[in-house]
Amino acid sequence: MKVEVVVRGARRVVEVAPLDDGCAGVAGGMLVRDGEAEQRVRLEPVAGSECWRVVVDGSAVPARVIRTETGAEIVLGASRVAVDVRRALPIPSRRAGASGGSDRVEVRAPMPGLVIAIPRSAGETVEAGSPVAVVEAMKMQMDVAAPASGRVEEIRVRPGQEVMGGQVLVAIRSDGAVRGEGA
Amino acid sequence: MARLRRVLIANRGEIAVRVIRACRDLGIEPVAVYAPSEADAPHVRLADAAVPLPADEPAAGYLNPGLLVDLARRAAADAIHPGYGFLAENPVFAAACDAAGITFVGPSASVLARCGDKAAARAAAVAAGAPVLVGTQPVEPSEAATHARKIGFPLLIKAVGGGGGKGIHLVHDRGGFDRAFQLARGEAETAFGDGRVYLERWIRAPRHVEVQIVADAAGRVVHLGERACSVQRRHQKLIEEAPAPAIDAGLRARLADAAVRVARELGYRNAGTVEFLVDGDECFFIEVNARIQVEHTVTEATTGVDLVALQLRLAAGEPLPFEQDAVAARGAAIECRISAEDPHRQFFPSLGVIDGAIEPAGPGVRVDSGVWVGQRVSRHFDPLLAKIITYAPTRDEAIARMRRALAECAISGVDTTMPFHRWALEQPDFISGGYDVRFADAWGAGPQITDGDATAALVAAAWFARGTTALTLPADGAPSRWNAAGGADRRRAPRVR
């Protein structure tokens with residue numbers, strides 16, 4: 001089958017076929033073709049749903065494959081990368097949600113925890129990198145920094161509230177100045 | 001004092017399991033306690049009896065001295081082992097045990113109070129003739145900035161009640177000081193119930209080296225050599241090893257000597273650790289950890305001493321079973337802490353349910369683990385899940401064994417520090433042993449893979465194909481394998497060549 005894979009914005013169409021070369025231990029082995037390169041890949045489940053021993057052309061790497069909405073996050077040895085995966089369609093489809101120029105920036109909780117403080121109020125301006133929330137988990141307090149400077153448009157949580165990882169804490173109407181480092 | 005018969009373990013996770021094992025080796029009956037979410041935990045399963053705590057919130061359970069003493073009394077335990085963290089270094093808890101006629105496995109309440117007050121511990125080190133860093137006594141917010149200017153930037157703000165890497169803030173310049181001071185006090189107040197903080201000179205590239213000491217009721221103190229703990233993030237250790245690499249015999253002897261003198265000055269009893277910063281050929285006392293430490297395992301590997309069993313024997317009043325001359329460290333040991341944190345996102349805690357776990361084994365590999373399948377990793381507890389310890393005649397071999405163990409280990413359901421460890425064990429600075437506390441900074445957000453992207457794409461494609469179609473070979477003849485892979489979609493699959 002043909003699978004469309006997007007890694008760091010680069011789109012590839014990869015072909016996957018089961019492998020039948022009669023060697024011992026190839027159960028679950030696949031021949032994967034990416035352009036001209038052809039490689040043997042074997043995925044052996046290690047523990048439960050996410051962990052795999054991946055054998056790529058004879059060398060084994062421990063991996064975790066964490067399912068996401070659009071594909072998976074793949075932890076390979078020391079590395080981690082988010083990958084969009086889906087079955088390749090005959091006609092390339094246009095990806096939805098290409099940057100529409102919205103300047104609303106949602107600041108999310110980096111981890112589940114307890115909101116300790118929200119140092120800004122709605123309507124106030126914030127600098128990129130300055131704290132807009134303080135969240136505590138496992139006895140550590142962390143500043144959650146504004147990824148962009150602008151005006152605080154909305155505050156979704158209050159001090160003392162438990163939040164989930166990824167939950168929106170504060171929304172900022174950005175003035176365009178974005179912090180260099182990825183949020 | 002009589003032998004201990006039954007010990008209540010006021011802790012959880014891997015250290016509770018560790019104490020249970022020491023109890024078994026000594027013929028002592030271990031009694032566990034557990035939070036509501038931990039009914040299936042290994043420490044519950046391995047103990048003779050397990051007593052439930054009322055809530056997961058530590059304040060109601062693992063941090064509740066009155067309740068734990070009461071549970072110990074009702075279980076007819078003659079001692080409490082506090083493990084590390086929680087109440088391990090809490091003088092109120094130790095005193096409550098004393099008052100109830102229960103042996104606290106650790107130093108006395110008064111020694112705990114002196115070690116726990118980092119300013120008092122500094123004073124003891126000075127009295128013992130151990131070198132210390134330029135710093136202050138506890139400072140008030142009003143005078144903080146003045147003191148800070150005197151010490152100079154960068155500097156550290158440290159909680160008087162902190163320790164074990166918690167409650168430390170590094171401030172680079174005057175501009176960030178007020179905010180950091182405020183954060184540090186708030187964190188100290190919630191984490192330790194004591195908002196006092198003090199300031200200390202910061203060394204740019206120190207190595208963190210600590211000395212294990214043990215002391216008996218007669219006041220005899222013996223050291224068991226040093227450990228290197230410079231692989232840290234947020235002042236918390238990730239990898240420790242014994243002996244410390246790149247330390248010469250002279251410095252090694254001075255560290256051990258200073259540690260023993262500090263322990264004597266404090267009137268220390270039981271097992272403890274004296275921590276130092278090493279800067280070139282100089283060393284500076286930083287604190288005493290008045291408990292068994294997470295990384296005690298590497299010392300056990302190199303000296304052959306069971307430190308937790310020794311703690312229990314010393315607490316029962318036995319004399320130290322060996323003299324300093326009899327202690328000989330051999331080989332090299334490394335410990336990797338497997339924590340539920342995402343190393344690719346600044347080591348943020350990773351919460352979730354563990355749905356699969358395979359622990360490594362084999363020659364030279366020890367695993368101390370509190371992990372079970374179905375475990376809910378919650379924000380209430382420390383993220384440490386398990387420790388992998390490898391031991392070998394040489395450091396290079398211990399590294400090779402750790403690489404092997406990390407390749408075997410698999411934990412599913414939460415992110416763990418293992419990708420970091422796999423990276424660390426390949427770094428030239430780690431392999432040479434010349435690393436300092438900045439080592440982990442080089443990790444950043446993880447190695448930027450380039451050709452790895454191609455591998456990730458292959459793995460993603462294979463994973464997707466495996467999950468969406470039954471990859472069985474067609475029974476009819478030998479059609480193109482590319483077509484066969486399409487499974488149900490075969491009719492539509494475009495032909496290759």
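Residues numbered from 1 in each chain as written. Chains lettered and ligands numbered in written order. Predicted model: local features only at pLDDT ≥ 70, side-chain atom pairs only at ≥ 80, totals over all residues. Heavy atoms only, no water.

S.K.: Can you help me understand the overall build of chain B in this one?
M.R.: Looking only at helices and strands, chain B has 16 helices and 22 strands in total. Structurally, chain B occupies a C-alpha span of about 85 × 55 × 45 Å along its principal axes. Taken across its 497 residues, chain B has 58% of its residues classed as buried. Relative to all contacts within chain B whose residues are 6 or more apart in sequence, the contacts with residues 24 or more apart total 65%. When the accessible surface of chain B is summed, it comes to about 18,700 Å², and 52% of that surface belongs to carbon and sulfur atoms. With 56 positive and 59 negative side-chain charges, chain B shows a spacing of 3 Å between the two charge centroids. (Helix = DSSP H or I, 4+ residues; strand = E, 2+ residues; numbered from the N terminus. Buried < 20%, exposed > 50% of the residue type's maximum accessible area, 1.4 Å probe, protein only. Contact = heavy atoms within 4.5 Å. Areas by Shrake-Rupley, 256 points an atom, 1.4 Å probe, with all protein chains shown as cover. Lys, Arg positive; Asp, Glu negative; His and termini not counted. Charge placed at Lys NZ, Arg CZ, Asp CG, Glu CD.)

S.K.: Whenever I open this one, the pattern of salt bridges confuses me. Can you help?
M.R.: Oppositely charged side chains are able to pair whenever their charged atoms sit close together. One pass over the structure, following the stated rule, counts 54 salt bridges over all chains. Its salt-bridge partner being B:Asp70, residue B:Arg73 comes within 3.7 Å of it at the nearest N-O pair. With a gap of three residues between them, B:Arg73 and B:Asp70 both fall in helix H3 (residues 65–74), about one helical turn apart. Of the charged contacts, one joins B:Glu226 and B:Arg252 as a salt bridge, the two residues approaching to 2.9 Å between their closest N and O atoms. Remark: B:Arg252 occurs in helix H9 (residues 249–266) and B:Glu226 occurs in strand E10 (residues 221–233); sequence separation between them is 26 residues. Its relative accessible area of 29% is what places B:Arg252 among the partly exposed residues. One network of salt bridges, in which partners are shared, links A:Arg104, A:Glu106, A:Arg108, A:Glu153, A:Glu154, A:Arg156 and A:Arg173. (Salt bridge = Lys/Arg side-chain N within 4 Å of Asp/Glu carboxyl O.)

S.K.: How do you make sense of the environment of B:Ala121 when you look at a structure like this?
M.R.: All names here are of chain B. Relative to the elements of secondary structure, Ala121 occurs in helix H6 (residues 118–127). For Ala121 and Val414, which are 293 residues apart along the polypeptide, the C-alpha to C-alpha distance reads 38 Å. The contact partners of Ala121, leaving out residues within four places of it in the chain, are Arg114, Cys115 and Phe285.

S.K.: Got a minute to help me understand the sheet that holds E10(B) in this structure?
M.R.: Hydrogen bonds along the backbone pair up the strands of a sheet, which may run parallel or antiparallel. Residues and elements named next belong to chain B. Taken in spatial order, the eight strands of this open sheet run E13-E12-E9-E10-E11-E14-E21-E19, and their pairing is antiparallel. Both edges of this open sheet fall to strand E13 (282–289) and strand E19 (365–369), since each of them pairs with a single strand only. On average, each strand axis in the sheet is tilted by 25° relative to the strand beside it, whichever way the strands run. With four bridges connecting them, strand E11 (residues 236–242) and strand E14 (residues 332–339) associate as antiparallel partners. The residue bridging Ala242 from the neighbouring strand is Ala333, located in E14. Contacting E19 and strand E21 (384–392), helix H1 (residues 13–26) runs over the sheet at an angle of about 115° to E19. (Pairing = 2+ DSSP bridges. Axes fitted to C-alpha atoms, helices over the stretch in contact; angles between N-to-C directions.)

S.K.: Would you mind going over the sheet that holds strand E4 (residues 79–81) of chain B with me for this structure?
M.R.: Residue and element names in this part refer to chain B. Strand order across the open sheet formed by five strands is E3-E2-E1-E4-E5, with parallel pairing between neighbours. With partners counted over all chains shown, the strands left at the sheet margins are strand E3 (49–52) and strand E5 (103–104), one partner each. Bridging between strand E2 (residues 29–34) and E3 involves four bridges; their strand directions are parallel. Each bridged residue has a counterpart across the sheet, and for Tyr34 the counterpart in E3 is Pro52.

S.K.: Hey, could you run me through the pairing of strand E5 (residues 51–56) of chain A in this one?
M.R.: Each regular strand carries side chains that alternate between the two faces of the sheet. Residues and elements named next belong to chain A. Within E5, five of the six residues are buried, which leaves the element mostly enclosed by the surrounding structure. Note: E5 against strand E6 (residues 59–67), six bridges, orientation antiparallel. From the neighbouring strand, Arg53 faces E6, where its bridge partner is Pro62. Counted between consecutive antiparallel strands, the loop separating E5 from E6 contains two residues, among which Asp57 sits at a positive phi close to 45°.

S.K.: Would you mind going over the packing of aromatic side chains with me for this structure?
M.R.: Given two aromatic rings, their pairing is described by the distance between the two centres and the angle made by the two planes. Residue and element names in this part refer to chain B. Counted according to the given criterion, the structure contains 15 aromatic pairs over all chains. For the ring pair Phe177 and Phe181, a centre distance of 5.6 Å and an interplane angle of 35° mean the geometry is tilted. Of this pair, Phe177 and Phe181 both sit in helix H8 (residues 174–192), four residues apart, which is roughly one turn of the helix. Per residue, the accessibility class of Phe177 equals that of Phe181, and both read buried. Ring centres of Trp423 and Trp443 lie 5.5 Å apart, and the angle between their planes is 70°; this geometry places the pair in the edge-to-face category. Of this pair, Trp423 sits in helix H13 (residues 418–424) while Trp443 sits in the loop between helix H14 (428–432) and helix H15 (451–468), placing them 20 residues apart in sequence. Both residues of the pair, Trp423 and Trp443, belong to the buried class. Chaining the aromatic ring pairs together yields one cluster made of Phe347, Phe420, Trp423, Phe430, Tyr435, Phe439 and Trp443. It is Arg12 that lies over the ring of Phe381; its NZ or CZ is 4.1 Å from the centre. The ring of Phe284 carries the charged tip of Arg201 above its face, separated from the ring centre by 5.9 Å. (Phe/Tyr/Trp six-rings, centres within 6.5 Å; stacked < 30°, edge-to-face > 60°. Lys NZ or Arg CZ within 6 Å of the ring centre and 35° of its normal.)

S.K.: Where do I start with the interface of chain A and chain B in this structure?
M.R.: Size of an interface, as often reported, equals the accessible area lost when the parts are brought together. With 68 residues of chain A at the interface, the matching set in chain B holds 67 residues. Between chain A and chain B, the buried area comes to about 6,000 Å², and carbon and sulfur atoms account for 67% of it. In this structure, the connection of chain A to chain B is made through five salt bridges. With a closest N to O distance of 2.7 Å, B:Arg379 and A:Glu162 form a salt bridge. If you look at where chain A meets chain B, you find ten residue pairs in polar contact (both at pLDDT 80 or more). Tallied by class, residues from the side of chain A that touches chain B come to 42 nonpolar, eight polar and 18 charged. (Buried area = accessible area lost by both parts, 1.4 Å probe. Polar contact = N/O pair within 3.5 Å; in protein donor to acceptor, adjacent residues only side chain to side chain. Nonpolar A, V, L, I, M, F, W, Y, C, P; charged D, E, K, R; others polar.)

S.K.: Sorry if this is basic, but what is going on with the nonpolar core here?
M.R.: One broad rule of soluble globular proteins: the nonpolar side chains tend to lie buried together. Membership of the largest hydrophobic core comes to 118 residues, with the highest contact counts inside it found for A:Leu169, B:Ile239 and B:Phe420. Those residues in contact with A:Leu169, other than ones at most four positions away along the chain, are A:Val107, A:Arg108, A:Ala109, A:Val115, A:Ala133, A:Val135, A:Val144, A:Glu154, A:Ile155, A:Arg156, A:Val157 and A:Val163. (Core = buried A, V, L, I, M, F, W, Y, C linked by side-chain atoms within 4.5 Å.)

S.K.: How do you make sense of H6(B) when you look at a structure like this?
M.R.: Residues lying three or four places apart along an α-helix face the same way, a consequence of the helix completing one turn every 3.6 residues. Taken together, the buried positions of H6(B) are B:Lys118, B:Ala119, B:Ala121, B:Arg122, B:Ala124 and B:Ala125. Downstream of H6(B) by one or two residues, B:Gly129 has phi in the positive range, about 80°.

S.K.: Whenever I open this one, H1(B) confuses me. Can you help?
M.R.: All names here are of chain B. In this model, H1 (14 residues) spans 21 Å end to end at C-alpha, consistent with the 20 Å of a helix rising 1.5 Å per residue. In terms of residue burial, H1 counts as a mostly covered element, since ten of its 14 residues are buried. Residues Gly13, Glu14, Ile15, Ala16, Val17, Arg18, Val19, Ile20, Ala22 and Cys23 constitute the buried set of H1. Backbone geometry just downstream of H1 places Gly27 in the positive-phi region, at approximately 75°. (Expected span 1.5 Å × (residues − 1).)

Nothing here speaks to function; it is all geometry.
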